[in-house]
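Results of the structural survey
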Amino acid sequence: MPKVGILTVSDSVSQGQSVDRSGPILKDLVQDNADWTVMEQKCLPDENDQIQACLLAWSSPPLGLDLILTTGGTGFGPRDVTPEATEAILEKKAPGLVHRMMSQSLEVTPMAMLSRLSAGSRGQSLIINFPGSPKACRQCFRFVLPALGHAMDLLSGRIDQVRQLHGQMHGLATVSGCGHACAKPANGPPESTGVVGRPRKSPYPMIEVSQAQALVMANCAVLEVVESDFMDPMAHVLAEDIRAVDALPPFRASIKDGYAVVASDGKGKRKVIGGITAGAQEEASISPGRCMRINTGAPIPKGADAVVQVEDTLLSQASADGEEELEIEILTMPQIGQDIRPIGSDIQSGSTVLNKYAVLSAAERGLLATVGVTRVQTFRNPVVSLLSTGNELQDPSDRQPLKPGFIRDSNKSTLTALLREHRFECFDAGIAIDDPEVLEAKLKLALEHGDIVVTTGSVSMGDRDILRQVLVSKFGAQIHFARVNMKPGKPTTFATLEYLGKTKRVLGLPGNPVSATVTAQLYLLPACRQMAGYLNPVPATVRAQLSQDLPLDPRPEYHRAVIRWDRGQAVAMASTTGNQISSRLLSLHAANALLMFPMRSEERNTLKAGEEVDALIIGQLIA
Ligand code: AMP
Ligand code: MG
């Protein structure tokens, strides 16, 4: 169990003029996030000698702390000396940790440029400077947290743990950044340790949602090009430019129902020499002083250069039987070109009407019809294999009463419907009970049929949560992440593997119905869109105002809500869908947005009614 020391460096705190807030925050974070013990906690003034002495004592036997975190004294103040005192006693520097904190902090505020942080090791102790402000301190802790446990194992030579982690993560290097040669990855999978020996903390580092999304997207490249029918609803994105062979309109066409005239004839009476309807094939012509009745969309007769709408005319003479117009009077002065669409005025022949990467919605399909292109090159639509896991699951399609101890599998239906709604193809790989061999067999079936396999359940910390173990041991999968700082959805897992010569992705969603759906929105749909060729695969966010106070969670939360706009308002009003517990699928009923709440902090534990948050659109926007 790693031992941790927390040193607050501040003149004012050590003189009792202000209260230490950052030290206790660090203590909580250390204890919240890992199985570590805070052995020492102290506050010192900004005095180089005293800081050095403390760091030396804490990093030397008999104490020999594994991790020493300092907060404060890293700014530009004349008394700020924490980095200098730290560097004076470091044996090895750890610029990667500093880089991580700096790069991430700069995303938050340019003021981070003024942070002078240092990090490194002395003996078996890892020593890291954090800024003094509670907020920055908390952020920096989170930034380096994914690497801390592993760094301490390496420094302390706890080689078995290092090997176990490498074995379990099997290539998690993308996240952990562990590229050193100290510990060879264990050959083969992590050993199953049973209910007694199972780990009581996840060995996987916690990463942020943005990192998790980036990892999924980096492994879900656009699929190959296929030929599709232009009306195939499963064809999403064009993989070619589409050109018009014909002009539109292909002939000079009338915009109005009225009379084709010679503009220079001006106002006055005209002999009507006949009529042209849309679709007329013979070419008609008129001469000055005459006109022809014409319908919208009909070809303009030769010699005519304007159309006068029927509303601007009077009948001056009809045939004896009253059936024919013989003469009309033009009441307005016609202008040349009036109410005529010239040839190619909508689409010129040879012009590009749709570009590669155009998304095929209603208008685009209409355009394809217009130009007569009925077979199109598109990016292949991914097939998503869906596999539910759990001994307790009953298939709702068996139409049987619930068996004792069972619940109905709702995840499969929700995810199938969600994917269908977004026009992605699903393959139903069934339900796997929590048995490694059954899971392996069902995964094979799922992998065979899908570009991406989506499982639900079996990723928590229970002894029956065997998905990762089976993926690594039976399929040699590379687990890219298995813990995300989000609520709901913390154990979301993403892996890639080679199956029958093809790269497949496995997205392991949590079993709780809300977690599975929220994580499907955040990871699965963007991944499918990218594979299907969308250049903008990520859903839009809008600003929404809370209609009531809502508490914040220690993790960033995706809160289900209904958003709607009052007339004339740019900012939506958001109403929560009620109890947000992740098993309660009703919290998703009618929800059209996920409100993105920041994690709870010292300064803020509630969002107040009227406050604005980002809302991710997940459903229909209604007035
Ligand atoms: P797990 O992630 O497997 O530990 O499951 C977490 C919770 O979600 C448990 O209460 C399960 O019974 C429930 N659950 C798992 N899979 C499903 C499913 N397909 N449909 C409905 N509930 C599920
Ligand atoms: Mg389960």
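Position numbers for residues start from 1 in each chain and track the written sequence from start to end. Starting at A for chains and at 1 for ligands, labels are handed out in the order in which the entities are written. Local features are withheld for residues below a pLDDT of 70 in this predicted model, meaning they are given only at 70 or higher, and side-chain atom pairs are given and counted only at 80 or more; totals for whole chains, interfaces and linings count all residues. Remark: hydrogens and water are excluded; side-chain values derive from all non-hydrogen atoms of the structure.

**Regarding the overall build of the protein chain**
The helix and strand inventory of the protein chain stands at 15 helices and 33 strands. Taken over C-alpha atoms, the radius of gyration comes to 35 Å for the protein chain, far larger than the 25 Å a tight globule of 623 residues would show. Projected onto its principal axes, the C-alpha positions of the protein chain cover 120 × 65 × 45 Å. Per-residue accessibility, obtained with a 1.4 Å probe over protein chains only, is compared with the maximum for each type, and a residue is labelled buried under 20%, exposed over 50%, and partly exposed between these values. Looking at the protein chain as a whole, 47% of its 623 residues are labelled buried. Contact definition: two residues touch when any of their heavy atoms are within 4.5 Å. Here the analysis covers contacts within the protein chain between residues at least 6 apart in sequence; of these, 73% occur between residues at least 24 apart. Calculation of accessible area relied on Shrake-Rupley with a 1.4 Å probe; when residues are assessed, cover is drawn exclusively from the protein chains displayed. When the accessible surface of the protein chain is split by element, carbon and sulfur atoms take 52% of a total near 28,900 Å². Under the convention used here, Asp and Glu are negative, Lys and Arg are positive, and both His and the chain ends fall outside the count. Charged groups are reduced to one reference atom each: NZ for lysine, CZ for arginine, CG for aspartic acid, CD for glutamic acid. Taken together, the 61 basic and 67 acidic charged side chains of the protein chain have centroids lying 5 Å from each other. Helical segments are the DSSP runs of H or I of at least four residues, strand segments are the runs of E of at least two, and each set is numbered from the N terminus. Atoms counted for the radius of gyration: C-alpha only. Globule rule: 2.2 Å times residue count to the power 0.38.

**Concerning the site of ligand 1**
Residues in close proximity to ligand 1 total 17 residues, the closest being Glu392, Asp409, Ser410, Ser458 and Gly511. In this structure, a nitrogen atom belonging to ligand 1 sits 3.2 Å away from a side-chain N or O atom of asparagine 411. Think of a polar contact as two N or O atoms within 3.5 Å of one another; within protein, one of them needs to be a possible hydrogen donor and the other a possible acceptor, and neighboring residues in sequence only count if both atoms come from side chains. Residue serine 460 places a side-chain N or O atom 3.3 Å away from an oxygen atom belonging to ligand 1. In the complex, the protein chains occlude 78% of the 480 Å² of accessible area that ligand 1 would expose alone. Within the residue set of the shell around ligand 1, elements represented by two or more residues are β19 (383–389) and β21 (407–408). Per-class residue counts for the shell around ligand 1 are three nonpolar, 10 polar and four charged. Note on definitions. A residue lies near a molecule or strand when any single heavy atom of the residue is within 4 Å of it. The classification used treats Ala, Val, Leu, Ile, Met, Phe, Trp, Tyr, Cys and Pro as nonpolar, Asp, Glu, Lys and Arg as charged, and all other residues, Gly among them, as polar.

**Section: the sheet that holds strand β5 (residues 119–122)**
Across a sheet, paired strands are connected by hydrogen bonds in the backbone, their directions being either parallel or antiparallel. The rule for pairing is simple: two strands pair if DSSP sees at least two bridges between them. In spatial order, the strands read β2-β1-β3-β6-β5-β4; together these six strands make up an open sheet with mixed pairing. The sheet is open, and its two borders are formed by β2 (37–44) and β4 (92–93), each paired with just one other strand. Its contacts with the sheet place helix α6 (residues 134–156) against β3 (67–71), β5 and β6 (125–130), and it is angled at close to 170° to β6. Helix axes are fitted to C-alpha atoms over the stretch in contact, other axes to C-alpha atoms as well, and angles between N-to-C directions run from 0 to 180 degrees.

**Structural notes on the sheet that holds strand β33 (residues 612–617)**
In spatial order, the strands read β27-β30-β29-β31-β33; together these five strands close into a barrel with mixed pairing. Averaged over all pairs of adjacent strands, the angle between strand axes in this sheet comes to 50°, irrespective of strand direction.

**So, the environment of histidine 559**
Position of histidine 559 among the secondary structure elements: in strand β29 (residues 557–564). With relative accessibility at 5%, the residue histidine 559 sits in the buried group. Separated by 20 residues in the primary sequence, histidine 559 and asparagine 579 place their C-alpha atoms 9.8 Å from one another. Apart from residues lying up to four places away in sequence, histidine 559 is in contact with Leu550, Thr576, Gln580, Ala593, Leu594, Leu595 and Phe597. Within polar-contact distance, the side chain of histidine 559 engages the side chain of glutamate 557 at 3.2 Å. A polar contact of 2.6 Å, which involves the side chain of histidine 559, links it to the side chain of threonine 576.

**Notes on helix α14 (residues 467–475)**
Of all the positions in α14, only Leu467, Arg468, Val470, Leu471, Val472 and Phe475 are classed as buried. Where α14 terminates, the next one or two residues include glycine 476, which has phi positive at roughly 60°.

**Some points on the pairing of strand β30 (residues 572–576)**
The pairing of strand β27 (residues 541–546) with β30 spans three bridges and is parallel. Paired with glutamine 545 across the two strands is methionine 573, which belongs to β30. Two elements, β29 and β30, share four bridges in a ladder whose sense is antiparallel. Bridge assignment links isoleucine 563 to a residue of β30, and that residue is alanine 574.

**Examining the pattern of salt bridges**
A side-chain nitrogen of Lys or Arg and a carboxyl oxygen of Asp or Glu constitute a salt bridge if their distance falls within 4 Å. Under the counting rule described, the total for this entry stands at 23 salt bridges. Among the salt bridges present, the one from glutamate 440 reaches lysine 444, with a minimum N-O distance of 3.4 Å. Here glutamate 440 and its partner lysine 444 are both found in helix α13 (residues 436–449), four residues apart, which amounts to about one turn of the helix. Residue class for glutamate 440 comes out buried when judged on its relative accessible area of 15%. The exposure class of lysine 444 is partly exposed, given its relative accessible area of 34%. In this structure, the salt-bridge partner of arginine 464 is aspartate 463, at a minimum N-O distance of 3.9 Å. Taking the relative accessible area as the measure of exposure, arginine 464 reaches 44% and is therefore partly exposed. Assessed through its relative accessible area of 38%, aspartate 463 is described here as partly exposed. Taken together, the shared-partner salt bridges in this structure form one network comprising Asp11, Glu47 and Arg79.

**Here we look at the domain arrangement of the protein chain**
Each domain's extent was defined by an automatic or database domain assignment. In terms of domains, the protein chain is made up of domain 1 (3–160), domain 2 (209–222 + 381–531), domain 3 (230–245 + 348–379), domain 4 (253–341) and domain 5 (541–617). Summarising the inter-unit geometry, the C-alpha centres of domain 1 and domain 5 are found 35 Å apart. Taken together, the six residues of domain 1 in the interface contact five residues of domain 5. Simply put, the buried area is the total loss of 1.4 Å probe accessible area from both parts when two parts are fitted together. Counting the surface lost from both domain 1 and domain 5, the interface buries some 470 Å², and carbon and sulfur atoms represent 54% of this. It is Arg21, Arg138 and Arg142 in domain 1 that bury the most area against domain 5; as a group they hold 71% of the surface buried on that side. Summed over the shared surface of domain 1 and domain 5, the number is two salt bridges. On the surface where domain 1 and domain 5 come into contact, there are zero residue pairs in polar contact (both at pLDDT 80 or more). Here the side of domain 1 that touches domain 5 gets four residues from one element, more than from any other, and that element is α6.

**Looking at the environment of valine 196**
If you trace the backbone, valine 196 turns up in helix α9 (residues 194–197). For valine 196, a relative accessible area of 72% translates into the label exposed. On a C-alpha basis, the gap between valine 196 and phenylalanine 230 in space is 58 Å, while along the polypeptide they are 34 residues apart.

**Section: the packing of helix α3 (residues 48–59) against helix α4 (residues 82–89)**
Two measures define how a pair of helices packs: the angle their axes make with one another and the distance between the axes. Relative to each other, α3 and α4 sit at 45°, their axes nearing to 9 Å. Comparing the axis directions of α3 and α4 gives the class oblique. The two elements α3 and α4 cross, and the hand of that crossing is right-handed. Residues Asn48, Ile51, Gln52, Leu55 and Leu56 of α3 touch α4, and the partners they reach there are Thr82, Glu84, Ala85, Thr86, Ala88 and Ile89. Angles are sorted into four bins: roughly parallel if under 35 degrees, roughly antiparallel if over 145, roughly perpendicular if 65 to 115, and oblique for all others. Each helix crossing is assigned a hand: it is left-handed if the near helix lies turned anticlockwise from the far helix by less than a right angle, otherwise right-handed if that turn is clockwise.

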